[in-house]
Amino acid sequence: AAWGGLLAISEDRDALERQIERHWWYYDDWFGPFSQARPMPIMGTPDEVTQIILDAHARLGFNELHLLIGQGYQEREDVEDNLRLFAEKVMPRLP
């Protein structure tokens, strides 16, 4: 089974808030008119994101993780930082 959602990860709270604002703008403006709900938020510092995933895994027991990272509407540097932080600080702690 798979589980996932919308990833926003940063060690800088201001940068994280900007990413979250852009994520919700995109979903609300582009998908909202078609009654599509917002995806599950997986957002926070690397420690917070790790805990969100571990908690969901403990409840659901999934073996695949699907993450939306905002390519195409987030700043390139933010997407690259999300991928780097996830790979370096979150993935090593996942089962």
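Residues numbered from 1 in each chain as written. Predicted model: local features only at pLDDT ≥ 70, side-chain atom pairs only at ≥ 80, totals over all residues. Heavy atoms only, no water.

Colleague: Please clarify how helix H3 (residues 76-90) should be interpreted in this entry.
Modeller: The periodicity of an α-helix, 3.6 residues per turn, causes residues three or four positions apart to be oriented the same way. The end-to-end C-alpha separation of H3 is 20 Å, in line with the 21 Å expected for 15 residues at 1.5 Å each. Against the buried residues of H3 lie strand S1 (2-9), helix H1 (13-30), helix H2 (46-60) and strand S3 (64-68). (Helix = DSSP H or I, 4+ residues; strand = E, 2+ residues; numbered from the N terminus. Expected span 1.5 Å × (residues − 1). Contact = heavy atoms within 4.5 Å.)

Colleague: Looking at this structure, I do not really get the pairing of S1. What am I missing?
Modeller: In summary, the side chains of a regular strand alternate between the two faces of the sheet. Within S1, six of the eight residues are buried, which leaves the element mostly enclosed by the surrounding structure. Of the strand pairs in this sheet, S1 and strand S2 (residues 41-44) are connected by four bridges, and their pairing is parallel. Bridging from a neighbouring strand, Ile-9 pairs with Gly-44 of S2. Handedness of the β-α-β unit built from S1, H1 and S2 comes out right-handed. (Buried < 20%, exposed > 50% of the residue type's maximum accessible area, 1.4 Å probe, protein only. Pairing = 2+ DSSP bridges. Right-handed = clockwise from strand over helix to strand, strands pointing away.)

Colleague: How should the packing of aromatic side chains be read in this particular structure?
Modeller: Given two aromatic rings, their pairing is described by the distance between the two centres and the angle made by the two planes. Within the structure shown, the criterion is met by six aromatic pairs. For the pair Tyr-26 and Phe-31, a centre-to-centre distance of 5.5 Å together with 75° between the ring planes defines the contact as edge-to-face. By relative accessible area, which is 24% here, Phe-31 ends up partly exposed. An aromatic cluster is present here, built from Trp-25, Tyr-26, Tyr-27, Phe-31 and Tyr-73 joined pairwise through their rings. (Phe/Tyr/Trp six-rings, centres within 6.5 Å; stacked < 30°, edge-to-face > 60°.)

Colleague: Would you mind showing me how to read the pattern of salt bridges here?
Modeller: Side-chain pairing between opposite charges can occur once the charged atoms of the two side chains come close. Per the counting criterion, the structure on display carries eight salt bridges. Note that Arg-38 and Asp-28 form a salt bridge whose closest N and O atoms lie 2.6 Å from each other. Of this pair, Arg-38 sits in the loop between H1 and S2 while Asp-28 sits in helix H1, and the two are 10 residues apart along the sequence. A residue is classified by how much of its surface remains accessible, and Arg-38, at 43% relative accessible area, is partly exposed. (Salt bridge = Lys/Arg side-chain N within 4 Å of Asp/Glu carboxyl O.)

Colleague: It is not clear to me how the nonpolar core should be interpreted in this structure. Could you clarify?
Modeller: A general trend in soluble globular proteins is that nonpolar side chains are found buried together. Counting residues in each nonpolar core, the largest one holds 13 residues, and the members touching the most others are Trp-3, Leu-7, Ile-9, Ile-42, Val-49, Ile-53 and Val-90. Contributing elements (two or more residues each) for this core: S1, H2 and H3. Ignoring sequence-local partners within four residues, the contact set of Ile-42 consists of Trp-3, Gly-4, Gly-5, Leu-6, Leu-7, Ala-8, Val-49, Ile-52, Ile-53 and Leu-67. Counting residues in each nonpolar core, the second largest holds eight residues, with Leu-6, Ala-8, Ile-20 and Trp-24 among its members. (Core = buried A, V, L, I, M, F, W, Y, C linked by side-chain atoms within 4.5 Å.)

Colleague: Where do I start with the sheet that holds S1 in this structure?
Modeller: Strand order in this open sheet of three strands is S2-S1-S3, and the pairing throughout is parallel. Each end of this open sheet is capped by a strand with a single partner; those strands are S2 and S3. Across the sheet, the mean angle from the axis of one strand to that of its neighbour is 35°, orientation sign disregarded. Inspection of the sheet shows S1 paired to S3 by five bridges, in the parallel sense. Within the sheet, the bridge partner assigned to Gly-4 lies in S3 and is His-66. Where H1 meets the sheet, its contacts fall on S1, S2 and S3, and the angle it forms with S1 comes to roughly 125°. (Axes fitted to C-alpha atoms, helices over the stretch in contact; angles between N-to-C directions.)

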